Amino acid sequence: MVRQPVTVNGITRWKDLDLDAAPAAESKEAKAVVLRQEIGDVLRSIRQAEGRTLRDVSHGARVSLGYLSEVERGQKEASSELLASICAALDVPLSAMLGQVAERVAAAEGLHVPDTVPTEFQREFGHGVVPDGIPEEFTQEEFARSCG
């Protein structure tokens, strides 16, 4: 058995690969993706990355702590209004959160969704300038405006 790193949304996990498994064991059916679980995983990772507690976010989103916990664990299907409220409490655009969910769903389905402008094109046609991150002087508000 071989362990291979798999990175999704900047989070690296290790996946076990069985090199001796028969090809017939692979199913041609797409892995069942439960959207509420992917949404919950992304919301939890955003909250934890910010160092926020469930209590803090539930208070800001005006939702019970227990319900928010169930949303994060993928046990409850959150309405669009609730998702918007949670994202506002996390100070993250709803579109950014849903973009991360879309990437996770695509990865679970075995699809590769390329960046809008792949790095190799940026290097080839952008005179070799490829930013490694957001400049420090670029505020969160400016970043949000530049993303549309």
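Residues numbered from 1 in each chain as written. Predicted model: local features only at pLDDT ≥ 70, side-chain atom pairs only at ≥ 80, totals over all residues. Heavy atoms only, no water.

Trainee: When you look at empty space enclosed by the protein in this model, what are you seeing that I'm missing?
Mentor: Tallying each qualifying case throughout the model produces 1 cavity of 30 Å³ or more. Estimates place the volume of the largest cavity at around 30 Å³. Lining of the largest cavity is provided by Arg36, Ile39, Val71, Lys76, Glu77, Ala78 and Leu83. In the lining of the largest cavity, the residues fall into 4 nonpolar, no polar and 3 charged. (1 Å grid on protein atoms, 1.4 Å probe; cavity = no way out; pocket = protein on both sides within 12 Å on 5 of 7 lines; lining within 4 Å. Points joined across faces, edges and corners; volume = space filled by probe spheres on them. Nonpolar A, V, L, I, M, F, W, Y, C, P; charged D, E, K, R; others polar.)

Trainee: Looking at this structure, how should I read the pattern of salt bridges?
Mentor: Pairing between side chains of opposite charge can happen when their charged atoms approach one another. Tallying each qualifying case throughout the model produces 8 salt bridges. Of the charged contacts in the structure, one is a salt bridge between Arg104 and Glu38, with a shortest N-O distance of 2.7 Å. With Arg104 in helix α5 (residues 94–108) and Glu38 in helix α1 (residues 35–49), this residue pair connects regions lying 66 residues apart in the sequence. For the pair formed by Arg104 and Glu38, the shared burial category is buried. Here Glu50 and Arg52 are joined by a salt bridge, their closest N and O atoms 3.2 Å apart. Linked through salt bridges whose partners overlap, the residues forming this network are Glu38, Asp41, Arg44, Arg47, Glu72 and Arg104. (Salt bridge = Lys/Arg side-chain N within 4 Å of Asp/Glu carboxyl O. Helix = DSSP H or I, 4+ residues; strand = E, 2+ residues; numbered from the N terminus. Buried < 20%, exposed > 50% of the residue type's maximum accessible area, 1.4 Å probe, protein only.)

Trainee: In this structure, what is going on with helix α2 (residues 54–61)? I would like to understand it.
Mentor: Note on helix geometry: an α-helix contains 3.6 residues per turn, so any two residues three or four positions apart are oriented the same way. Restricting attention to buried positions, one finds in α2 the residues Val57, Ser58 and Ala61. Seen end-on, α2 carries its buried residues on one side only, within an arc spanning 100°. Opposite the buried face of α2, at more than 90 degrees from it, the exposed residues are Arg55 and His59. One or two residues past the end of α2 sits Arg62, with phi positive at roughly 60°. (Arc of directions from axis to C-beta.)

Trainee: Help me out: how do you make sense of the side chain of Arg47 in this one?
Mentor: With respect to the helices and strands, the residue Arg47 is situated in helix α1. The buried category is assigned to Arg47, whose relative accessible area is 9%. With residues up to four places along the chain from it excluded, the contact list for Arg47 reads Arg52, Thr53, Leu54, Val57, Glu72 and Leu90. (Contact = heavy atoms within 4.5 Å.)

Trainee: Which parts of the structure should I look at to understand unusual backbone geometry?
Mentor: Excluding glycine, residues mostly carry a negative phi; peptide bonds, for their part, are mostly trans. The backbone of Arg62 shows a phi angle near 60°, a positive value even though the residue is not glycine. As for its placement among the helices and strands, Arg62 is situated in the loop between α2 and α3 (65–72). Residue Asp91 is not a glycine yet carries a positive backbone phi of 60°. Mapped onto the elements of the fold, Asp91 is located in the loop between α4 (80–90) and α5.

Trainee: What is the right way to look at the packing of α2 against α3 in this model?
Mentor: For any two helices packed against each other, one specifies the crossing angle of their axes together with the interaxial distance. In the contact formed by α2 and α3, the axes pass within 9 Å of each other and the chain directions differ by 110°. With respect to α3, the element α2 is oriented roughly perpendicular. Residue-level inspection shows Leu54, Arg55, Val57 and Ser58 of α2 in contact with α3, the latter providing Leu65, Leu68, Ser69 and Glu72. (Axes fitted to C-alpha atoms, helices over the stretch in contact; angles between N-to-C directions. Parallel < 35°, antiparallel > 145°, perpendicular 65-115°, else oblique.)

Trainee: Help me understand the nonpolar core in this model?
Mentor: Among soluble globular proteins, nonpolar side chains are generally buried collectively. Residues Leu43, Ile86, Leu90 and Met97 are the most contacted members of the largest nonpolar core, which totals 20 residues. Breaking this core down by element, the ones donating at least two residues are α1, α2, α3, α4 and α5. Per-element accounting of this core gives the leading share, 6 residues, to α4. Those residues in contact with Ile86 that sit more than four places away from it in its chain are Leu43, Val57, Ala61, Leu68 and Val71. (Core = buried A, V, L, I, M, F, W, Y, C linked by side-chain atoms within 4.5 Å.)

Trainee: What am I meant to see in the confidence of the model for the protein here?
Mentor: As a note on interpretation, predicted positions should not be read in detail where pLDDT is low. Averaged over every residue, the pLDDT of the protein is 77; the share at 70 or more is 56%. Low pLDDT (under 50) marks residues 22–28, which in the prediction has 0 contacts with non-local residues, meaning those over four places away or in another chain. (pLDDT = per-residue confidence, 0-100.)

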